[in-house]
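Below are the chains, spelled out letter by letter.
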Amino acid sequence: MKSIISIAFLLQAIINTVNLVTAQFPAEPVFRCRDTGNYTTRSDYSRNLKVALNTVGNMDTYNGGSFNSSIGVNEAAHVMALCSGISTHWGGNCKDCIHKLTVQLSIKCMDQKEAVMWGSNCMIHFSDRKILGALDDWSRFTLPDNQKGSLVNPPANFDEVMFYFMRRLKMDASRGTKDKKSEYKINFRNQPVYGAMQCTADLSRELCEKCLQGLTDAHRYCCSGRKAARIFSPNCFFRYSG
């Protein structure tokens, strides 16, 4: 049975670059504050963090990719931003998204030394430790589309197709040398399913693949049979919709 499904998938899949269709998800950004220590508004870390966030939030060009800023020697602040390489297909302005998150995250986690926030097409992560080139798996967001009619019945066939789909996206994104992104379309029961994966560009191929594998594993538990979902971590994301 598995080989039949695999053959059907290979014959049916039409893989190419596409415009990503947006499903219905919460409009507000999702965030998590990490309880690794606090800072005060008059501390060196507070001043360094403000400068680092302003630097990333006011860049002139966001054309898809990662941006980072590290400010200070004592109590240094490190900020990583990801502007999705497919953001234009999501109907959003990534510069506005980055700027919005830099403001919101410093308010939501105003005295925490580490936090991450994901918007519709961008991410901000700040910390008092060096995060460039490091894989962070302390936080993960899973947002399945729970609208009525979003569940495929039975889910097993769709999950089998998604397994091969996610594997292709993961391998292509991790092999990227610059933006580490991948987006494709497949057909399931004559209906298109659009998907994308991306890592922050500072990750090595091995770490990017590991990050995306974590999202693939999370999909089994959060989003089995769902026609659309978004899954985020501080280093990578996976999004698909049908």
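Look up: the structure comes first, before these words.
Computed from a predicted structure; not experimentally measured.

This part takes up unusual backbone geometry. The omega torsion across Asn-153 and Pro-154 is -5 degrees, close enough to zero to call that bond cis. Position of Pro-154 relative to the elements: it lies in the loop between β6 (141–144) and α4 (155–174). Phi is positive for Glu-75, which is not a glycine, with a value near 55 degrees. Among the secondary structure elements, Glu-75 is positioned in the loop between β2 (65–71) and β3 (77–83). Since its relative accessible area comes to 38%, Glu-75 is described here as partly exposed.

Pairing is antiparallel in the open sheet, where five strands are placed in the order β6-β9-β10-β8-β7. Each edge of the open sheet is held by one strand with a lone partner, namely β6 and β7 (181–188). Strand-to-strand twist of the sheet, defined as the mean angle between neighbouring strand axes without regard to direction, takes the value 5 degrees. Sheet topology places β6 next to strand β9 (residues 229–232); four bridges connect them, and they run antiparallel.

This part covers the packing of helix α2 (residues 44–57) against helix α3 (residues 94–108). Direction vectors running N to C along α2 and α3 enclose 160 degrees, while the axes themselves pass 8 Å from each other. In terms of axis orientation, α2 runs roughly antiparallel to α3. Contacts between α2 and α3 pair Leu-53, Val-56 and Gly-57 from the former with Ile-98, His-99, Thr-102 and Ser-106 from the latter. Of the residues that constitute the contact of α2 with α3, the class distribution is three nonpolar, four polar and no charged.

Before going further, it helps to examine the pairing of strand β10 (residues 236–241). Among the six residues in β10, six count as buried, and that is most of the element. In terms of strand pairing, strand β8 (residues 191–199) meets β10 through six bridges, oriented antiparallel. The residue bridging Cys-199 from the neighbouring strand is Cys-236, located in β10. For β9 and β10, the ladder comprises four bridges, and the chain directions are antiparallel. Each residue of the ladder has a partner; that of Arg-230, found in β10, is Arg-239. Turn length for the β9-β10 hairpin, with the two strands adjacent in sequence and antiparallel, is three residues.

Calculation rules
- Numbers given for residues are sequential positions, taken from 1 along each chain in its written order.
- Residue-level local features of this predicted model are given only where pLDDT is at least 70; pairs of side-chain atoms are given and counted only at 80 or more, and the full residue set underlies all totals for whole chains, interfaces and linings.
- The basis for every side-chain value is the complete set of heavy atoms in the structure, and neither hydrogens nor water enter the calculation.
- Per the convention used, a helix needs a DSSP run of H or I reaching at least four residues, while a strand needs a run of E reaching at least two, with both numbered from the N terminus.
- A 1.4 Å probe rolled over the protein chains alone gives each residue an accessible area, and that area as a share of the maximum for its type sets the label: buried under 20%, exposed over 50%, partly exposed in between.
- If DSSP finds at least two bridges between two strands, the strands pair.
- Here the axes come from fitting lines to C-alpha atoms, over the contacting stretch only for helices, and the angles between their N-to-C directions go from 0 to 180 degrees.
- Working rule for angles: under 35 degrees goes down as roughly parallel, over 145 as roughly antiparallel, 65 to 115 as roughly perpendicular, anything else as oblique.
- Any pair of residues with heavy atoms lying within 4.5 Å of one another is described as a contacting pair.
- Gly is placed with the polar residues, together with every amino acid not listed as nonpolar (Ala, Val, Leu, Ile, Met, Phe, Trp, Tyr, Cys and Pro) or charged (Asp, Glu, Lys and Arg).

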